[in-house]
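One-letter residues, chain by chain:
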Amino acid sequence: MIHCENLVKIYKVADLEVVALQGLDLQVAPGELMAIIGNSGSGKSTLLNMLGGLDRPSAGSLTVGGSDLLKMSEKDLVQYKRETVGFVWQNNARNLIPYLTAQENVELPILLHGKRKRQRALALLDAVGLSHRRNNRLNELSGGEQQRVAIAIALANQPKLLLADEPTGSVDTRMANQILDLFRELNRTMGLTVVIVTHDPLLARKVDRVVAIRDGKTSSEMIRRVSYAEELAELEREAEEETHVEYAVVDKAGRLQIPAGYLEALGVKDKNKLRVTMEEGRIVLLPPE
């Protein structure tokens, strides 16, 4: 569904150039539920904006659903944003129009497609568990309810890819869990590919794969050991085993990002140099002599 290779994004601010992505590689399969984590400034939101067609890459390769986002015309890009991708923002003000009801908010993007809006809007509100609040305006809904309306709006154009930027950032833990469960249910029932950007590593317990970005590159991946259903069964038996196994990411040039904690444990003062040897079929890193 998503193929990024050596993706670069450079912003120009006055006379300065800021490199947000520095050769990022990423593959996402159709129907996958995955998260991208990283510290502030790591490049994760920049990546999401490019996947959503809101920004253009500076170099590299980026295809979504077979569409090359570097070669698209402006007209094709508008069609891509209307038909291929849905977006959920952290800030509800970017998702909702306050003087409209929940149903009217969902009907609006459907109306732009010229389709029968009422039936579709009611079905979407039902899918996110808010059909009973369809006639309520923004100030009559809780933060979590507003976010669920926003998810319904993102699904209005029947996208193949759903992008969510910090979707649980403005709600409490209980509501965050409900929203993440909703993403999983939509992924399962609709076959949606869902990519969630977050700074919360605890989100890893809810998704199948977590990709960590550091300094504009993918640094590691965490992949679920067992299915989510199997994990819940294990939790009921009070098992306390790690849910994911973490893998470092090696790019095509053979480069590897080593966690700073590992380097500190080796006592490496000059972090630009390490000795690399093979011992009994293993790659061993040693501090310089």
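Scroll up to find the structure this text is about.
The following refers to the structure shown. Keep in mind the model is a prediction, meaning the values are calculated, not measured.

Quick word on the pairing of strand E12 (residues 275–279)
Phase 1 of the analysis: Sheet topology places E12 next to strand E13 (residues 282–286); five bridges connect them, and they run antiparallel. Its bridge partner lying in E13, Val-276 is registered against Leu-285.
Phase 2 of the analysis: Where E12 hands over to E13, the hairpin turn is made up of two residues, of which Glu-280 adopts a positive phi near 55°.

Quick notes on the pairing of strand E6 (residues 85–88)
Phase 1 of the analysis: Residues Val-85 and Phe-87 of E6 are buried on one face, and the alternating residues Gly-86 and Val-88, pointing to the opposite face, are buried as well.
Phase 2 of the analysis: Pairing geometry for E6 and strand E7 (residues 161–165), over four bridges, is parallel. What sits directly across from Gly-86, in E7, is Leu-162.

Points about the pattern of salt bridges
Phase 1 of the analysis: Counted by the stated rule, this structure contains six salt bridges.
Phase 2 of the analysis: Residue Lys-9 pairs with Asp-55 through a salt bridge whose shortest N-O separation is 3.2 Å. A residue pair is termed long-range when its members are at least 10 positions apart, and Lys-9 in strand E1 (residues 2–13) and Asp-55 in the loop between helix H1 (44–51) and strand E4 (59–64) qualify at 46 residues.
Phase 3 of the analysis: Residue classification places Lys-9 among the buried residues on the basis of a relative accessible area of 8%.
Phase 4 of the analysis: A relative accessible area of 21% places Asp-55 in the partly exposed class.
Phase 5 of the analysis: As a salt-bridge pair, Arg-188 and Glu-185 come within 2.7 Å of each other at their nearest N and O atoms. Here Arg-188 and its partner Glu-185 are both found in helix H6 (residues 173–190), three residues apart, which amounts to about one turn of the helix.

Digging into the sheet that holds E1
Phase 1 of the analysis: Across the sheet, four strands lie side by side as E2-E1-E4-E5; this open sheet has antiparallel pairing. Edge positions in the sheet fall to strand E2 (16–28) and strand E5 (67–68), since each has one partner strand and no second.
Phase 2 of the analysis: Pairing between E4 and E5: two bridges, direction antiparallel. Bridge pairing in E5 links Thr-63 to Asp-68.
Phase 3 of the analysis: Across the face of the sheet, H1 comes into contact with E1, E2 and E4 while running at roughly 110° to E1.

So, how was this worked out
- Residues numbered from 1 in each chain as written.
- Predicted model: local features only at pLDDT ≥ 70, side-chain atom pairs only at ≥ 80, totals over all residues.
- Heavy atoms only, no water.
- Pairing = 2+ DSSP bridges.
- Helix = DSSP H or I, 4+ residues; strand = E, 2+ residues; numbered from the N terminus.
- Buried < 20%, exposed > 50% of the residue type's maximum accessible area, 1.4 Å probe, protein only.
- Salt bridge = Lys/Arg side-chain N within 4 Å of Asp/Glu carboxyl O.
- Contact = heavy atoms within 4.5 Å.
- Axes fitted to C-alpha atoms, helices over the stretch in contact; angles between N-to-C directions.

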